[in-house]
Amino acid sequence: MPTGPGAWLSGPNPSLLRPTALFCGPLRALTALASPGGPNGRLAVFTFHRVPAAPDPLFPYEPDRSTFASILDWIGEQFRVLAPYEGCRRLYAGRLPPRAAMLTFDDGYRDNFEVAMPLLRARGLSAAFFIATGYSGGRPMFNDRIVHAIGGCRRSSLKLPWPGGEVVTLDGIEARRRAIDRIIAAVKYLPSEARERQVDRLVEATEADAPPDLMMTREQIAALAAQGMEIGGHTRWHPILQSLPAEQAEGEIEQGRADLAEITGRAPRLFAYPNGKSPRDYGPIHRAFVARAGFEFAFTTEGGAASAATDPFRIPRHTPWSRYRPRFGWQAYRNLVS
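Attention shifts here to the overall build of the protein chain. The helix and strand tally for the protein chain stands at eleven helices and nine strands. Taking 2.2 N^0.38 as the reference for a compact globule, 338 residues should give roughly 20 Å; the C-alpha atoms of the protein chain span a radius of gyration of 20 Å, in line with that estimate. Expressed along its principal axes, the backbone C-alpha trace of the protein chain runs to roughly 55 × 50 × 35 Å. Counting over 338 residues, the protein chain shows a buried share of 54%. Look at the contacts in the protein chain between residues 6 or more apart in sequence, and 72% of them connect residues 24 or more apart. When the accessible surface of the protein chain is totalled, it reaches about 14,700 Å², and 54% of it is carbon and sulfur.

For the rest of this paragraph, the subject is the nonpolar core. Within soluble globular proteins, side chains that are nonpolar generally end up buried alongside one another. Counting 39 residues, the largest nonpolar core has F46, I75, L103, F105, L120 and F129 as the members making the most contacts within it. If near-sequence neighbours (up to four positions away) are discounted, L103 is found in contact with F46, F48, L72, I75, V81, P84, L120, L125, S126, A127 and A128. Judged by nonpolar contacts, the second largest core, of 19 residues, contains I146, C153, L158 and V187.

This paragraph deals with the packing of helix α2 (residues 65-78) against helix α11 (residues 325-337). Two numbers describe how α2 lies on α11: the axes approach to 11 Å, and their chain directions differ by 55°. It follows from the interaxial angle that α2 and α11 lie oblique. In the packing of α2 onto α11, the handedness of the crossing is right-handed. Every residue of α11 that contacts α2 at I71, W74, I75, E77 and Q78 is listed here: R325, F328, G329, A332 and Y333.

Another point: the pairing of strand β3 (residues 100-107). Most of β3 sits inside the fold, with eight of its eight residues counted as buried. Sheet analysis places strand β1 (residues 44-48) next to β3, joined by five bridges and oriented parallel. If you follow A44 over to β3, its bridge partner there is A101. Judged from the two bridges that link them, strand β2 (residues 80-81) and β3 form a sheet pairing that is parallel. Residue pairing across strands places R80 opposite A100, the latter belonging to β3.

Here α11 spans 19 Å end to end across 13 residues, near enough to the 18 Å set by a 1.5 Å rise per residue. When you tally the buried positions in α11, you get ten out of 13 residues, the bulk of the element. R325, P326, R327, F328, G329, Q331, A332, Y333, N335 and L336 are the residues of α11 that are buried.

The subject of this paragraph is the packing of aromatic side chains. Evaluation of the coordinates by the stated rule reveals 15 aromatic pairs. With a centroid separation of 6.4 Å and an interplanar angle of 5°, the aromatic rings of F46 and F328 are classed as stacked. Residue F46 is found in strand β1, and its partner F328 is found in helix α11; the two are separated by 282 residues along the sequence. Comparing F46 with F328 shows no difference in burial state: the two are buried. Plain terms: the ring middles of Y135 and W237 are 5.1 Å apart, the flat faces sit at 85° to each other, and that makes the pair edge-to-face. Of this pair, Y135 sits in the loop between β4 (128-131) and α5 (142-152) while W237 sits in the loop between β7 (230-233) and α9 (246-264), and the two are 102 residues apart along the sequence. By way of ring pairs, the aromatic residues F46, W74, F79 and F328 are connected into one cluster. Just above the ring of Y109 sits the side chain of R50; from NZ or CZ to the centre is 5.8 Å. Above the plane of the ring of F295 lies R257, whose end atom (NZ or CZ) is 5.1 Å from the centre.

Analysis parameters
Residues numbered from 1 in each chain as written. Predicted model: local features only at pLDDT ≥ 70, side-chain atom pairs only at ≥ 80, totals over all residues. Heavy atoms only, no water. Helix = DSSP H or I, 4+ residues; strand = E, 2+ residues; numbered from the N terminus. Rg over C-alpha atoms; globule rule 2.2 N^0.38 Å. Buried < 20%, exposed > 50% of the residue type's maximum accessible area, 1.4 Å probe, protein only. Contact = heavy atoms within 4.5 Å. Areas by Shrake-Rupley, 256 points an atom, 1.4 Å probe, with all protein chains shown as cover. Core = buried A, V, L, I, M, F, W, Y, C linked by side-chain atoms within 4.5 Å. Axes fitted to C-alpha atoms, helices over the stretch in contact; angles between N-to-C directions. Parallel < 35°, antiparallel > 145°, perpendicular 65-115°, else oblique. Left-handed = near helix turned anticlockwise from the far one by under 90°. Pairing = 2+ DSSP bridges. Expected span 1.5 Å × (residues − 1). Phe/Tyr/Trp six-rings, centres within 6.5 Å; stacked < 30°, edge-to-face > 60°. Lys NZ or Arg CZ within 6 Å of the ring centre and 35° of its normal.

Below you can see the structure in the form of structure tokens.
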């Protein structure tokens, strides 16, 4: 059972799902106290990945169209959402409004364009989309290949096809989700080429069908930019930068930026570190590479909110996980004051 401040917000009472003036007014007031704007302002940065049109049992934490629409409304009730580059500039100029926030998406999924963008535009919102450009030609990301292979495997168990590979059970959705998490954790930190070889072996062993085309095309990326969305760098092939030799890591950052400049006609100003946690995923040398490449601001996946004293190349981001409106709002508030 949840304990501590706000534990009462986690219960299953359906009435808690509905935003009410009784709840939203005090929550906005608390948020304004924690993020008053001006020189003492704080910027809450929300991050998302996929937004599938319908719920997917293999992606239980990714909000589908309906859930994401609700989340946007919840954020809008609690925060003032700024255009991403404007939010960054105002943060470091000491000119944030109270309750300032911005929205970001990582990797470059097609559903960001097909599902998320219309919901954003209907609410007059903009967001930053951090694109791993190597996948914009239709190639799925390594983690999605794993998900599709395990989800499509017709066996009830599988011996992982590499030296010392364990046997994972696949007898049901929960077992397959556990297997997916374990396999991704096992290969994520390999150098890019070695990671792809391991995933190739897994796909062959599962005999699953080819995965669907999940990533945005170059034309869709350009259309996002034309609609006023901010397009940001996320490397070319989404490697864990710490897993690469320094020269290769810098090349990934620079090549991804050059790709986006070619696609959109403008060099990107914002960057997000793949995976995004220091020191395991990136370090001071990668921060220096990002700055040297010409980016103005960079984002992590480390929790908290940014102040004017925050390193502009280590801006934190956060996504409250709850699908209960009051608890979602409480988590967002706690992130501001953490």
